[in-house]
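# Tertiary structure, described
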Amino acid sequence: MRSKVMIRLIPLTVMAILCLSLAAQPARPQRGSEQQRAATATFLDRQRPETERLRAARLLGWPENKTFPLLLAVGADRAESDAIRFAALYHHHRFSREWLDTILKILDDPNDGGAELDAKLTEELNRRITFRLPPEVRQRILTIWRKLLKDPRDRVRLAAFRALAANHDAVAVNQLDESLRRGSGIPIPIPDAIELLDLNGPVNHITALRPFLSHRDPAVQGRAARALALDPESRPRIVELATSASTAEEVRLHALRGLAREDQGFAAYALPLLENVREDADVRFAAMKAFVGRMNYNSVPAREQIRFAEAVERFAKERNLPPKILRQTAETLVYLKQGFPEIQKHYEGR
Amino acid sequence: MKRYVWGVLFLAVGFLAAGCKSTMGTGTAVFSGWVVDQGGAGIGNARVAVNGKATKSRPDGAFELSVPGAKSYVLNISHPGFAGLSQLSRKALTKQRWRLIRAQVETVDPAGEITLKDRRPEVARIGSTRLTIPPNSLVDPQGNPPAGPVRAAIATLDVGNGEGPRDWAVRSDDGTREGFLVSYGAVFVQFTDATGSVTYQLKSGAVGQISLPVIPGMRPHAPANPQARFWYYDESDGYWKHNGDATFDAASNAYVGTVNHLSFINTDIAKFDAACLKVTLSGIPVGHKLRIRYHSGGTPFGQTPILPLDDADNAAYRLPANTNVLLELMDGVTDEILSDMIVEDPVGNPLVNTVVNTGTAIPEGDDLWPDEPYTPCHAIVIKQGLPEVEIRINELPADAFPRDNPTDDYITWAPTVSRARLVTPGADVDIVLTNDTPGIPLGGDVLFAAHAEPWPANTTATANTLALTLPGSGAWVPFVIAGKHGTPSTNDKDTIIEAHVGNAAGPIAGTKALMVRVRKNANNLTPGERARFLFAWRKFRNQGGTNYVQFQELHRLASLAGDEGHMQPAFLTWHRAMLLHVERELQKLEPTVALHYWDWDAAAPNVFSEDLIGAPGVGGFLAEPDFSPANPMNGWNTDLPFSSGELRRSTIDHTADPDGYMKPLDDMVAEWNDYGFSSSDFFFTDSFCDDVERSSHNNAHGWPCGGGNLTYPNRSATDPLFYLLHSQIDREYAFWQRAKDAFGLPVGDTLTFPFPHHYDNNGTAAAPGLFIPDADHRQKGAFLDDGLWPWDGTTGGTPFTVAERPPNTTPDPADENSPDSAPVVPGTAFPASVIRNLWPAVPTIPHNAHMIDYLGRFKPADGLGFCYDDVPYQE
């Protein structure tokens, strides 16, 4: 009995400590302030313990100009730990030529840095290459990332595929598409591969994605259902997945979200789902949310709107719903009455 | 003790004596006032007589006359060339302006038949009187005929509008009963010698033939009284006397018959159920007049007595009993109707529309002229109501808009011309404008300033109150307002300007609701502000015509080669123009919204929340942000081709403080004095513009979205977060402008924008000699006077740009990045501002130059109509 109580208390304690540590996070120092300089000195001091240096890194803010070369030096220093090196390069917020050269040099050298450093630098670089990046610079980056597509380290490979797919890189996208079609040699976890093809534009990858609609792993099946909702041929199967109580909840939620965007006949099964008190509350809530989303940006017949509003009204009055669902359902009813003239008229007339 | 008693007695005697002097039946009564014509000009040399004692008015029309005290007084005023005027009174009258009606005057021969016909212009409205008298009918008071030609004056009187004798007293034929007349029409006729000193009458036995028109208000009643009487007014006692019989002639709409006496002649039915009104003034100064219109079912009838209000208590006698009368307060000087009168019964209940019932008749045999305290009279109290003040925002003094335009009642920190006036003409009114409305805790505030033309540069309103004198003519008086920094509005029209009469604590005579509309930190929006903001985006996304998708397409195309919007000095001005256009489109749908900003110099958990721009999505690398079901952005569709339309952002926690990932604003402001010429070198930063774009803007596009749509210029504007982000960028620009006083052309050694210069599509300098830029910058858009694409309609291909921009009306369906729906921005010019007095007054091609002075510091009409909550106009 006592151990059960302890088991329950442990997560709570961890959460409380986490909350306290977040709350205790000091305010961001001003640039050039004593606080920032002290944090910089601590971070750059190799004699200090790593944990102390990493804590100091969070107070670096936007570094002073003189600090940037020092951060680059730490980032390039193989004697430093990967965590320290990444912190140095992350907090070098200026996108300078020197910073880019340092990053690319690390990524280009399989012996420089571990998987975590290479993966995180790839992700960070992907966040920084925005807007009018000179073509020759972009090409340098893409070339190195493409090399990483064959990196033996899963984490690095995944980061490279993500970065390239986000940039609509044909090499990476085609590699994913072909591997999914083959069903073998898929270079990254299948859910991630499907996500990236979805990101690239699912219209171009329907054939590659269809088989995964029947995959046993809900993470795979769910992502496939969401991505393929725009495929008329796949849609009946996705509707089946969305409405069947035997489908994993994760799959149903993805399916509903995708179908709400694409299926003109969404009301035909989404409304009964919402109205069915024996259905899972999370699924009903997902159906409700997806239906409002559809109403926001699509034309929905007035009678469907009104039926939906009445279903939401009943849903909001049900007992034993999780508090968040209860609150957001009540808010949704208010929103429907305010935001949709047909519903407004209907309730005014009652 | 003895001394005290004597003192009291002395005071009492003194008081009585003073009272007797003017009002009692003993002692002396002093009449004074002015004789004026219909235009208000003084009439000199008018004869003013009271109870037989006379004086002449001075050249300015003023007179003063002392007469022995009496129970009642008959005041008669005459002047050759004018119709006479007569007033019965219980008291001495001292404050009045007596307005005489100009008569038609001609010289006639009394030896022949005389026919007088009133031909004055006024008769077109009331009808013309015609009088014929036989030859040799006139005699002087001694019975002698005139020695030669005589002077004849005639004036048909508009008794329905108060002209003619002020009293309508009659006695019954047997002289036993007092009564009153209800007039059907009247005329003033007088024959005098050339000087006006001798008045002639009809000799005994002579009669004149008269046709006296019925006044408009009595025309419906005249046929019912085919037989009536003519009456003449006896100036000696103030009574109307029988003068002959009259017959109604429907053809001429007049009563016709004979008269035997000439003065005021009146067609009337005598009545004997008279009532009276006791009129007590409360807060109304003596000297005004009360016009009393008889009403029957809302239709005026009969004459309109005018009661001089010369005392705190006044009485109007011989009114028809049980009759509604409409009371109108007339200015004592101008005779204009003052609309601000309130009539109450004695216990303070207001009477609707100032209509009063005269009440029951005074019992037969009682005095129809009861003395103070006028006990038998129906008592009313009249009060000075408040003048009505109208206030309009964003209108120039000379504007001639008949109606207020509520869509322009939105202001910023910038000075805004407004104006106020009295709705109904009357006396001048001093008002004080305030803006301290209790009960609206989150309401905005404004400050005031007196108007100046031209408005001084770099000046805004700073006073908490403003005193104005509104002329009685109703003319507009301009003034200036500005939002009070630190207290913007939170709701539509929650800022109330009040016009107080007299002083800031005086009664409120008018109010104006407006909104101090500013761009705010989106992290701090109230639920109402958030809801309106989000609804507006939904509407903008869904509507036909100019809509959200067109602007995301605009940004995509702008980011192609020949980009004016990035990597050159127009980065800030071009985006300012785009944001302004979008903001104005949003405001057409929801006028309370502004483009609120995401301030990344601190954590913004309420921005990246499911209730605003979306909480970070869950799972994977990029995910759809999480919106609450009741968020209008739930289901947002990016309209990107080949995609499901889902928004995609990074799944990292955006609610945390970015910890300086974007360069803090203060650092950029401290670091750079130069706006900068910019450089196409991506890594080169040596100015404010460069630094904002590279260190703040670029990082902000990546931080929440690394790899998501917001990261890339061709897709970034598909995410509504784009606008919160760019509003912050523009805020940084505004912040820097204020810190560096950089709102115009060269300020000291600092240019607020690269050189005044124009570069056309061919790479040719339009103003050679001013400045020849290096090849890097020899492209359109980099100079102050360059037009901005797409509003200028140019395509921009030059030897120095890589490719042409597309024309601004044609999408490129072959381009896979082109969205499903279509064009960029319809039309070719930046649309005119809905709010008058803001740039542009008419559709205009915007230049970089137009985007700099956003507060209109040099010229308010160049202002763009937006500002930021924490960037004040002044300290």
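Residues numbered from 1 in each chain as written. Chains lettered and ligands numbered in written order. Predicted model: local features only at pLDDT ≥ 70, side-chain atom pairs only at ≥ 80, totals over all residues.

When helices and strands are counted, chain A shows 20 helices and zero strands. Against the globule reference of 20 Å for 350 residues, chain A gives a C-alpha radius of gyration of 26 Å, more extended than a compact globule. Taken along the three principal axes of its C-alpha coordinates, chain A extends 70 × 50 × 50 Å. Buried positions account for 43% of the 350 residues belonging to chain A. When contacts within chain A are restricted to residue pairs at least 6 apart in sequence, long-range pairs at least 24 apart make up 56% of them. (Helix = DSSP H or I, 4+ residues; strand = E, 2+ residues; numbered from the N terminus. Rg over C-alpha atoms; globule rule 2.2 N^0.38 Å. Buried ≥ 20, exposed ≤ 12 C-beta atoms within 10 Å, placed from the backbone. Contact = placed C-beta atoms within 7 Å.)

On a plain count of helices and strands, chain B comes out with eight helices and 43 strands. Counting only residues that meet the buried cut, chain B has 51% of its 875 residues in that class. Once local pairs closer than 6 in sequence are excluded, the contacts in chain B between residues at least 24 apart make up 70%.

Looking at chain A, the domain boundaries give domain 1 (170-245) and domain 2 (264-350). Of note, the centres of domain 1 of chain A and domain 2 of chain A, computed from C-alpha atoms alone, are 29 Å apart. (Domains from an automatic or database assignment.)

This part takes up the interface of chain A and chain B. You'll often see interface size given as the accessible area lost when the parts meet. Between chain A and chain B, the residue contacts involve 50 residues of the former and 44 residues of the latter. Every element with two or more residues in the side of chain A that touches chain B is listed here: helix H7 (115-128), helix H9 (154-166), helix H11 (190-200), helix H15 (249-262), helix H17 (281-297) and helix H19 (323-339) of chain A. Counting residues per element, the side of chain A that touches chain B draws most heavily on H17(A), which supplies seven residues. For the side of chain A that touches chain B, a count of residues per class yields 20 nonpolar, 13 polar and 17 charged. (Nonpolar A, V, L, I, M, F, W, Y, C, P; charged D, E, K, R; others polar.)

Okay, the sheet that holds strand E27 (residues 313-320) of chain B next. Residues and elements named next belong to chain B. Strand order in the open sheet made by the four strands is E27-E23-E32-E30, with mixed pairing throughout. Among the strands making up the open sheet, the edge pair consists of E27 and strand E30 (341-344). Sheet twist, expressed as the mean angle between neighbouring strand axes with direction ignored, is 30 degrees. Here E30 runs beside strand E32 (residues 378-384); their pairing, made up of four bridges, is antiparallel. Within E32, the position partnered with Met-341 by the bridge is Gln-384. (Pairing = 2+ DSSP bridges. Axes fitted to C-alpha atoms, helices over the stretch in contact; angles between N-to-C directions.)

Between two packed helices, both the angle of their axes relative to each other and the distance between the axes serve to describe the pair. All names here are of chain A. Contact pair H11 / helix H13 (residues 218-228): the axes reach a minimum separation of 8 Å and the direction vectors enclose 10 degrees. Judged by the inter-axis angle, H11 sits roughly parallel to H13. Contact with H11, carried on its side by Ile-190, Pro-191, Ile-194, Glu-195, Leu-197 and Asp-198, involves Ala-219, Val-220, Arg-223, Ala-224 and Ala-227 of H13 and no other residues of that element. The residue inventory of the contact of H11 with H13, partitioned by class, reads eight nonpolar, no polar and three charged. (Parallel < 35°, antiparallel > 145°, perpendicular 65-115°, else oblique.)

Turning next to the confidence of the model for chain B. All names here are of chain B. Mean pLDDT over chain B works out to 85, with 87% of the residues at or above the 70 mark. Every residue in residues 1-25 scores below 50 in pLDDT, and together they form 16 contacts with partners more than four places removed in sequence or on other chains. Across residues 797-804, where pLDDT falls below 50, the model places 26 contacts with residues more than four positions away in sequence or in other chains. (pLDDT = per-residue confidence, 0-100.)

Residue and element names in this part refer to chain B. The pairing of strand E36 (residues 429-434) with strand E38 (residues 466-470) spans five bridges and is classified as antiparallel. The residue bridging Asp-430 from the neighbouring strand is Thr-469, located in E38. Two strands pair when backbone bridges link them, and E36 and strand E40 (residues 495-501) are joined in this way by four bridges, in the antiparallel orientation. Counted as the bridge partner of Thr-434 is Glu-498 from E40.

Take Val30(B): it is sitting in strand E1 (residues 28-36). Each C-alpha atom of the pair Val30(B) and Lys203(B) lies 36 Å from the other, and the pair is 173 residues apart in sequence.

All names here are of chain B. One open sheet accounts for four strands, arranged E33-E35-E39-E37; its pairing is antiparallel. The open sheet is flanked by strand E33 (389-393) and strand E37 (446-450), the only strands paired with a single partner. Between one strand and the next, the sheet's axes are offset by a mean angle of 30 degrees, whatever the strand orientation. Where strand E35 (residues 416-422) and strand E39 (residues 477-483) come together, five bridges link them in antiparallel fashion.

All right, on to the pairing of strand E8 (residues 96-99) of chain B then. All names here are of chain B. Of the two faces of E8, the one holding Gln-96 and Trp-98 and the one holding Arg-97 and Arg-99 are both buried throughout. In the sheet, E1 pairs with E8 via four bridges, with the strands oriented parallel. Looking across to E8, one finds that Val-35 is bridged to Trp-98.

All names here are of chain B. By size, the foremost hydrophobic cluster in this structure holds 118 residues, and its most contacted members are Phe-448, Ile-481, Ala-482 and Leu-724. Considering each element in turn, this core owes the most residues, 10 residues, to helix H5 (residues 570-589). Counting residues in hydrophobic clusters, the runner-up holds 100 residues, among them Ile-77, Ile-210, Phe-230 and Ala-316. (Core = buried A, V, L, I, M, F, W, Y, C linked by C-beta atoms within 7 Å.)

Residue and element names in this part refer to chain A. Helix length check: helix H10 (residues 170-182) (13 residues) gives 18 Å between terminal C-alpha atoms against 18 Å at 1.5 Å per residue, within 8%. The complete set of buried residues in H10 reads Ala-172, Val-173, Gln-175, Leu-176, Asp-177 and Leu-180. Considering only its buried residues, H10 is in contact with H9, H11 and helix H12 (206-209). Backbone geometry just downstream of H10 places Gly-183 in the positive-phi region, at approximately 80 degrees. (Expected span 1.5 Å × (residues − 1).)

Here Asp268(B) is to be found in strand E22 (residues 264-271). Taking the number of C-beta atoms within 10 Å as the measure of exposure, Asp268(B) has 27 and is therefore buried.

Another aspect to go through is helix H5 (residues 82-90) of chain A. Taken together, the buried positions of H5(A) are occupied by Ile84(A), Arg85(A), Phe86(A), Ala87(A), Ala88(A) and Leu89(A). Contacts from the buried residues of H5(A) go to helix H3 (50-57), helix H4 (67-76), helix H6 (97-108) and H7 of chain A.

Residues and elements named next belong to chain A. Remark: helix H8 (residues 135-148) packs on H9, axes separated minimally by 8 Å, with the N-to-C direction vectors making an angle of 140 degrees. Between H8 and H9, the angle is such that the two are oblique. Along this stretch, H8 crosses H9, giving a crossing that reads as left-handed. Touching Leu-142, Trp-145, Arg-146 and Leu-148 of H8 are Val-156, Arg-157, Ala-160, Ala-163 and Leu-164, all from H9. (Left-handed = near helix turned anticlockwise from the far one by under 90°.)

All right, on to the environment of Asp193(B) then. All names here are of chain B. Note that Asp-193 resides in the loop between strand E16 (178-192) and strand E17 (199-202). Residues Asp-193 and Val-150, spaced 43 residues apart in sequence, show a C-alpha to C-alpha distance of 5.2 Å. With residues up to four places along the chain from it excluded, the contact list for Asp-193 reads Pro-146, Val-150, Arg-151 and Val-198.

Here the focus is the confidence of the model for chain A. Residues and elements named next belong to chain A. Scored by pLDDT, chain A has a mean of 91; 92% of the residues are at 70 or more. For chain A, helix H1 (residues 2-23) is the element with the lowest average pLDDT, namely 39, and helix H16 (residues 266-275) is the one with the highest, namely 98. With pLDDT under 50 throughout, residues 1-24 is counted as low confidence; its partners more than four residues away or in other chains account for zero contacts.

Turning to unusual backbone geometry, a few remarks are in order. All names here are of chain B. The omega angle of the peptide bond from Glu-453 to Pro-454 is 0 degrees, so this bond is cis rather than trans. With respect to the helices and strands, the residue Pro-454 is situated in the loop between E37 and E38. The peptide bond linking Trp-789 to Pro-790 adopts the cis configuration, its omega dihedral lying at 10 degrees. Tracing the sequence through the fold places Pro-790 in the segment after helix H8 (721-740). Even without being glycine, Asn-45 reaches a positive phi, approximately 65 degrees. Take Asn-45: it is sitting in the loop between E1 and strand E2 (47-50).

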